[in-house]
Amino acid sequence: MEPAEHEKDPVVEAYKKDLDRTLLRENLKLSVEERFRKAMELARFAEEMRRAGQRVRPRQP
Amino acid sequence: MTDFEGLLGTLVRHDVAFIVVGGAAAIAHGSVRLTSDLDIVYQRSAANLDRLVAALAAYHPYLRGAPPGLPFRWDRVTLLRGMNFTLVSSLGEIDLLGEIPGGGTYEDLRPGAVSLSVFGMECQCLSLPQLIRAKRAAGRPRDLEVLAELELIEEEAGAEES
């Protein structure tokens, strides 16, 4: 793969240190379709959690 | 929630010339970040605009965030009057982009794009280097963390190749 040519950005480099490479490596083992299906599952889960949060949050007067 | 399979399916079935960009392209390349919409760069020929209109018409596209009741017409004339459209539809959210910073138009991007085999269909997607260039050009603070992840993916891919 031809890498994108660029100078190193110190902010981007700082972010890299905190990223979980093992998570990325596991994701790279999946097919493209599996990555999309996983993303849609996560989005569904996030939406469900958001709804659950709204139900327990006290209503504003 | 956006139905990526449904949106890509209708675009491919209608033979729309488009390239997947943005967060969905990042997912295709291995990003673990969530995205809520499908971003595409579309070709702006009259014939392709007609195909795009036909592809989404059944899913009631409407301007995302706009108050209900605006006289928004989903047709070729509307597409000709603008360049980028952020839409919501019954299949979820889709952004139609005439061009992107750091990449340009469909014609500019097409030669470097990669073919994506997903959900039993083939579509075009930004290559990882194209995606990195586009994110770098966008230059928004929120893009920097995405950029970090994409560069790590590129490093991992390079390590696997060597």
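Please refer to the structure placed before this passage.
Everything numeric here is computed off the predicted structure, so don't read it as measured data. The numbers attached to residues start from 1 for each chain and follow its sequence in the written order. Just so you know, chain letters begin at A and ligand numbers begin at 1, following the order they were written in. Reporting of local features is limited, given that this is a predicted model, to residues whose pLDDT is at least 70; pairs of side-chain atoms are given and counted only at 80 or more, and all residues count toward the totals for whole chains, interfaces and linings.

### Section: the overall build of chain A
In terms of helices and strands, chain A carries 3 helices and 0 strands. The order of helices and strands in chain A, counted from the N terminus, is α-α-α. In DSSP terms, a helix is any run of H or I states spanning at least four residues, a strand is any run of E spanning at least two, and both are numbered starting from the N terminus.

### Considering the pairing of strand S4 (residues 85–89) of chain B
Residue and element names in this part refer to chain B. Where strand S3 (residues 62–63) and S4 come together, 2 bridges link them in antiparallel fashion. Note on S4: the bridge partner recorded for Tyr 62 is Val 88. Whether two strands pair comes down to DSSP finding at least two bridges between them. Sheet topology note: the S4/strand S5 (residues 92–97) ladder contains 5 bridges and is antiparallel. Note that in S5 the partner of Thr 86 across the bridge is Asp 95. Where S4 hands over to S5, the hairpin turn is made up of 2 residues, counted between the paired strands.

### Things to note about the nonpolar core
The tendency in soluble globular proteins is for nonpolar side chains to be buried as a group. Residue and element names in this part refer to chain B. In these notes, a nonpolar core means any group of buried Ala, Val, Leu, Ile, Met, Phe, Trp, Tyr and Cys residues linked to one another through C-beta atoms within 7 Å. Exposure classification rests on a simple neighbour count of other C-beta atoms within 10 Å of a residue's own: a residue reaching 20 or more is buried, one at 12 or fewer is exposed, and one in between is partly exposed. C-beta atoms are placed from the backbone. Grouped together as the largest cluster of nonpolar side chains are 49 residues, with contacts concentrated most on Ile 19, Val 20, Val 21, Ile 40, Val 41 and Leu 126. For this core, the element with the highest residue contribution is helix H7 (residues 141–161), accounting for 6 residues. C-beta atoms are first placed from the backbone for all residues, and any pair lying within 7 Å is then listed as a contact. Residues contacting Val 20, with those up to four places away along its chain left out, are Ala 25, Ala 28, Ile 40, Leu 116, Cys 123, Gln 124, Cys 125 and Leu 126.

### Some thoughts on the pairing of strand S8 (residues 114–118) of chain B
By the bridge criterion, 5 bridges tie S8 of chain B to strand S9 (residues 121–125) of chain B in an arrangement that is antiparallel. Each bridged residue has a counterpart across the sheet, and for Leu 116 of chain B the counterpart in S9 of chain B is Cys 123 of chain B.

### A look at the interface of chain B and chain A
Each partner contributes to the interface: chain B provides 30 residues, whereas chain A provides 27 residues. Elements that contribute at least two residues to the side of chain B that touches chain A include exactly helix H2 (22–28), S8, helix H6 (128–138) and H7 of chain B. Among the elements that make up the side of chain B that touches chain A, the one with the highest residue count is H7 of chain B (13 residues). Put simply, Ala, Val, Leu, Ile, Met, Phe, Trp, Tyr, Cys and Pro go in the nonpolar bin, Asp, Glu, Lys and Arg in the charged bin, and everything else, Gly too, in the polar bin. Taken together, the residues of the side of chain B that touches chain A break down into 18 nonpolar, 4 polar and 8 charged.

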